[in-house]
Amino acid sequence: MHADTKTQLWMLETMLVSRHYEDAVKAAYMEGKTPRFNMADGPIPGEMHLSSGQEPCAVGVCAHLTPTDAVTATHRPHHIAIAKGVDLKAMTAEIFGKASGLAGGRGGHMHLFDPAVNFCCSGIIAEGMGPALGAALGRQLQKEDGIAVAFIGEGAANQGAFHETLNLAAVWNVGVVFVIEDNAWGISVAKSASTAVANNAERAAAYGMPGYHVTDNDPDAIYTTAGEAIARARSGGGPSLIEIQTLRLEGHFLGDAEAYRPEAERESRDKRDPIPRYIERLRRDGTLSDTDESAMRERALARVESALAYARAEPLPPATDALTAVFA
Amino acid sequence: MHADTKTQLWMLETMLVSRHYEDAVKAAYMEGKTPRFNMADGPIPGEMHLSSGQEPCAVGVCAHLTPTDAVTATHRPHHIAIAKGVDLKAMTAEIFGKASGLAGGRGGHMHLFDPAVNFCCSGIIAEGMGPALGAALGRQLQKEDGIAVAFIGEGAANQGAFHETLNLAAVWNVGVVFVIEDNAWGISVAKSASTAVANNAERAAAYGMPGYHVTDNDPDAIYTTAGEAIARARSGGGPSLIEIQTLRLEGHFLGDAEAYRPEAERESRDKRDPIPRYIERLRRDGTLSDTDESAMRERALARVESALAYARAEPLPPATDALTAVFA
Amino acid sequence: METATKTATTERLTIARAMATALAGEMRADPRVLVMGEDIAALGGVFGNTQGLLDEFGPDRVRDTPISETAFIGAAVGLASVGMRPVVELMFVDFFGVCMDAIYNLAAKNCYFSGGKAPVPMVLMTSVGGGYGDAGQHSQCLYGTFAHLPGMKVVVPSNAYDAKGLMVAAIRDPNPVIYMYHKALQGMGWLGTEKGSVVDVPSDSYTVDIGKAAIVRPGNDVTLIGFGNTLHTALKAAERLAADNIDAEVLDLRSLVPLDRDAIAASVTKTGHVVVIDDDYQSYGVSGEILAVATERCFSSLKSAPARVAFPDVPIPFSPALERPWLPNPDHVVSAVKQQLGVSR
Amino acid sequence: METATKTATTERLTIARAMATALAGEMRADPRVLVMGEDIAALGGVFGNTQGLLDEFGPDRVRDTPISETAFIGAAVGLASVGMRPVVELMFVDFFGVCMDAIYNLAAKNCYFSGGKAPVPMVLMTSVGGGYGDAGQHSQCLYGTFAHLPGMKVVVPSNAYDAKGLMVAAIRDPNPVIYMYHKALQGMGWLGTEKGSVVDVPSDSYTVDIGKAAIVRPGNDVTLIGFGNTLHTALKAAERLAADNIDAEVLDLRSLVPLDRDAIAASVTKTGHVVVIDDDYQSYGVSGEILAVATERCFSSLKSAPARVAFPDVPIPFSPALERPWLPNPDHVVSAVKQQLGVSR
Ligand SMILES: Cc1ncc(C[n+]2csc(CCOP(=O)(O)OP(=O)(O)O)c2C)c(N)n1
Ligand SMILES: Cc1ncc(C[n+]2csc(CCOP(=O)(O)OP(=O)(O)O)c2C)c(N)n1
Ligand SMILES: [Mg+2]
Ligand SMILES: [Mg+2]
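Quick caveat: nothing in here was measured; it's all calculated off a predicted structure.

## Regarding the sheet that holds strand β14 (residues 307–311) of chain C
Strands pair in a sheet through their backbones, by hydrogen bonds, and they do so in one of two ways: parallel or antiparallel. Residue and element names in this part refer to chain C. An order of β9-β11-β10-β13-β14 is seen for the five strands of this open sheet, with the pairing classed as mixed. Of all strands in the sheet, those bounded by a partner on one side alone are β9 (214–217) and β14. Strand-to-strand, the axes of this sheet are offset by a mean angle of 25 degrees, without reference to chain direction. Both β9 and strand β11 (residues 248–252) contribute to a ladder of three bridges, which runs antiparallel. Counterpart to A214 in the pairing with β11 is D252. In the packing of helix α13 (residues 330–341) onto the sheet, contacts are made with β10 (222–226), β13 (274–281) and β14, and the angle to β13 comes to roughly 145 degrees.

In structure tokens:
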């Protein structure tokens, strides 16, 4: 299944929103953290894991999803949340720790929950896999539409939960798709130093499920492969595993000096930025005109700016909110 | 590598000791538990998992091992402990909860430790895999002889530790061999209901390591396959995975009525007992004579009886021993 | 089935039967309820608490799992997130180490992380306790381990009536509830059975409030606090003390989270003496917390130092000669009380 | 290297540096010592505690691992069983849920299960604590979770001197030692740094006894008990109280297992008032145990109800507006003490 023009333009615009978003969050995060970088300072404290460079994974997969489909993401969730349609203002307010945030400031950037579009993420490696399986199983038992996608990083493919969840999904024939964003690094540890196989798609055979390896960080290629896996899930064909070779343009988290990352790779990575490449293609194909592009960029920038402006303006929660919402 | 006569006779005699042992333990375990079966009663309380039918796995593998090689076993450990050369008197005293037991009665049948021959076992599924990897790695770092073998059941191949340990062993090229005793059942759950692949040897490819599937519960076949994997481990060739189709002649634990087990299987299983079959072959091959066999049976029975007699005669530990040996 | 829940009859049940009855009743009444775990289908649960469910509700709602606790408990969280009401079993609490993340970081925190928008209505049933020689990885209680971490309710029934009522309440609760059932109370012949746990249970469906302790024996001289198995230790001790004209009040906590601090304070304020009985490890657990609460809330009423009878800080030994003397028993309680009251034995 | 450990110089170190120095010293002195964990080699540890080890000792003894905590912690147990002295890192204590079995059922119990024949000499280093906005899965302390379970020693340094001495002692200890280092004390600029944690450290190798508390400020009016980060809260509160002529004694527990109950009893017996400060969850944890010990051991000497200042029983919230007010601070301690002494502020 190939992405039609409408889908391609949606993917591009969503990637632009996502990239502008990460740039804006980065700027806000660094406020109050110079000259001395202290994670506790500034309008956004804590760890900040940006997704710049990995946008194609998010859009290529989420282009196939509806709000009833469930998605679980990781500690690096912004691009996926945006592609899944999470309320950008409430999400940003959450990242700023504000009362009107998705969780009233209780969760922060690693814990974004938007039940309206069945999106959530978490900070423990591979933790979202079981819940994705369960969400998809629940829909099947309810005889309702809706499948699930669990996004993880390539480092998570060596965590026990990966194995248990893929096996269970296959044994129970659950409509869940597992998507590995292979950005080649788990913090400072290279994939080759942590993983016994060159690509994790090979591991699908250990669960008798189809495995796909997308070697290019390209929205169209990802869209086509994800389409096949998601169609299988919807039609009762059970789970699939997809690994995508993508790119981490930033450090593991903001503040990571990346001394462990080879010079050459650091220099070349901007050239491998998937967004300019995709724009070039859409321009070449005549899918995207000058005017489309600038209009698109303006819309994207405007969405991001209004979300950040909103988040900044919102009040912080009262301290007593910390004691509520532990139980329903 | 084929088993020579001496090895074959050792394997047979060890299987006979093991089987006599399980029968003797069963009889002792049932004392005080009839007419009313209460696990807390009798000379041996708690759960009792017998290995009858699985002896070929233990002897076929352990025939290649020396005391410096480490072995970790499971909740069903007797056959492996015996094949690895664990002190039978101290082991039996432990199972009877006596002061002269391997651990002075602190551990019991699921927790048999004999450092003299580098054997241990534990009660949590797949728990011995990491320690086996570590023991083998330790020998490598010390530049000393010694590899390690981790025995698990087929049900354990769906536990996260299985995945993590196989991956780590492959990435670090550790001389450890993983042996799966596939007795087709995890308590009441059939392998087909728990495992997404027909045989777990297929999963070796997910770690880039050799995988072997031994489809017959035959000491000679197991010996040959294990020999290849163990030789690879000794020569720095790294880890291997072996799955053996074996047979659980008893219930999961003593007292298990096995209502879940198909009639046909329950009826046929005695016919599939590996020991008579092996004796028949050795007789046919002229490896075993009448006189050898009866002498062997006598020796085996005598070893078991003296171990049980010893254990029964030994004193129970004083209550205060419960408070010692928590720390070294 | 409607009629079944309408009749007002009662029957004498073990905790195992009471749990299975509660599960069946809720599964009949609510199609969202399903049960998952190891050996809970055809076998009916190693401890009998899911007997009969597979036959009545079928394999879609009564699911045997692989030995993959992290996956199926994580799956339960996902099921709850789309409106199902999963009940999962962790066969022995001792196994929590392979799957605690799914329990304490997911099930227990998603409600908070979502600002209350994504609660996790699920029940985790798990067997606890020793005394039958199952050694250090199959005999623990670990009450303190679960009660210490926020976001989960923790209940521990001491009898079949509470077992059914707490199970129904747990299934209907919008939050994760850890339901810890003690093997010595389960009523499986093969584990022995504490007689006091087998009681009359209404066949109608009913709930026992989570977070409410019960005074099971009123008294004025000393407060004995137990729960699960130790409640029966407390009752036996109370009888023995009565023979010496010491009138003990016995409190069954029933829930550890939320903890009924008011009930503890009320009783201790009245009696001025308190002994807590806990078969979990002594240090940094339940017994310490209850002593702390008694002291914080009732300092001026205390006539003697609050005392505890708990399992020593050592792994549970296998040999009956090593395990049984250290499990809390009525003698331990009686002597603790007599020491508090300055009565020589 | 011999000379290095012979010189008697001292240098001002952060806890991160003190830990790395202790590791390097022991690795030089003992070829059996090796370090394993995520990002501990090339990166030198996310929290700087393994800086420089890879360069000096190479990849055989300084091993980055996959994100497979169960496997590499289990492997450490196996390494110890054949005579190695592994030091492993669990990057954040919050991750214990994926690997607790290898810690509490293997490392902590093998010595007992073997009747003392197979001890497990290993160290598990893990970072704890919040205050910098890392939210509910990266800010916990979980002291109580580890201290409750038998078979592991648990230490929590509050300054660089103890950090080095406790690390050396932990590596040489024949038992598993859980070494919990607090991020707020680590001295990484990017986490802020509690000044009091950076102190002079002898370059010679030395040990600090595991299981011994320290009186870091003698006093007569009230006992303040802290450890790790809360020790500094206690010291600040003590200074404030001194201004009001309240002479507080400050005890640094340093070890939670074994717990120095005698030191607690001695101080509380002397002062008659005690406040425990703990940044872990309040219920069923460290604060409750210390209160229980104080009451059990010093009942007749107590002049007021022992009190605690701990983190409420809720997941650690992200927003500084929600987290910071609830982290124990000197104000909380001062008002608790004044309430005990009946002094109005
Ligand atoms: C169980 C667990 N172990 C370790 C960590 C610490 N950690 C956070 S992100 C990360 C690297 C993850 O790598 P990958 O899965 O490839 O995702 P990426 O960061 O590259 O997006 C690690 C080790 C964690 N959060 N959870
Ligand atoms: C982590 C964990 N989960 C569950 C159990 C309970 N349990 C004990 S044995 C067993 C079945 C194991 O099956 P298998 O691995 O095939 O070994 P077998 O009993 O057939 O020898 C189970 C589920 C356990 N001990 N540990
Ligand atoms: Mg990665
Ligand atoms: Mg099996």
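## Examining unusual backbone geometry
Following T34 of chain B, the chain continues to P35 of chain B via a peptide bond in cis, the omega torsion being 0 degrees. Topologically, P35 of chain B is positioned in the loop between α1 (5–30) and α2 (55–62). Unusually for a residue other than glycine, A184 of chain B sits at a positive phi of about 75 degrees. Counting through the fold element by element, A184 of chain B comes out in the loop between β5 (176–182) and β6 (185–186). Overall, the relative accessible area of 32% leaves A184 of chain B in the partly exposed class. You will see that A135 of chain D, though not glycine, has its phi angle at about 70 degrees, which is positive. Turning to its location among the elements, A135 of chain D is positioned in the loop between β5 (123–128) and α7 (143–147).

## Here's the deal with the interface of chain D and chain C
The partner chain C presents 51 residues to the 52 residues of chain D that form the contact. At the junction of chain D with chain C, the criterion picks out 32 residue pairs in polar contact (both at pLDDT 80 or more). Within the residue set of the side of chain D that touches chain C, elements represented by two or more residues are α5 (100–107), α6 (110–113), α7, β12 (255–257), β13 (274–281) and α11 (286–298) of chain D. In terms of residue count, α11 of chain D provides more of the side of chain D that touches chain C than any other element does, eight residues in total. Here the side of chain D that touches chain C is built from residues that sort into 28 nonpolar, 14 polar and 10 charged.

Conventions and cut-offs
- Residues numbered from 1 in each chain as written.
- Chains lettered and ligands numbered in written order.
- Predicted model: local features only at pLDDT ≥ 70, side-chain atom pairs only at ≥ 80, totals over all residues.
- Heavy atoms only, no water.
- Pairing = 2+ DSSP bridges.
- Helix = DSSP H or I, 4+ residues; strand = E, 2+ residues; numbered from the N terminus.
- Axes fitted to C-alpha atoms, helices over the stretch in contact; angles between N-to-C directions.
- Contact = heavy atoms within 4.5 Å.
- Buried < 20%, exposed > 50% of the residue type's maximum accessible area, 1.4 Å probe, protein only.
- Polar contact = N/O pair within 3.5 Å; in protein donor to acceptor, adjacent residues only side chain to side chain.
- Nonpolar A, V, L, I, M, F, W, Y, C, P; charged D, E, K, R; others polar.

All we've got here are geometric facts, nothing functional implied.
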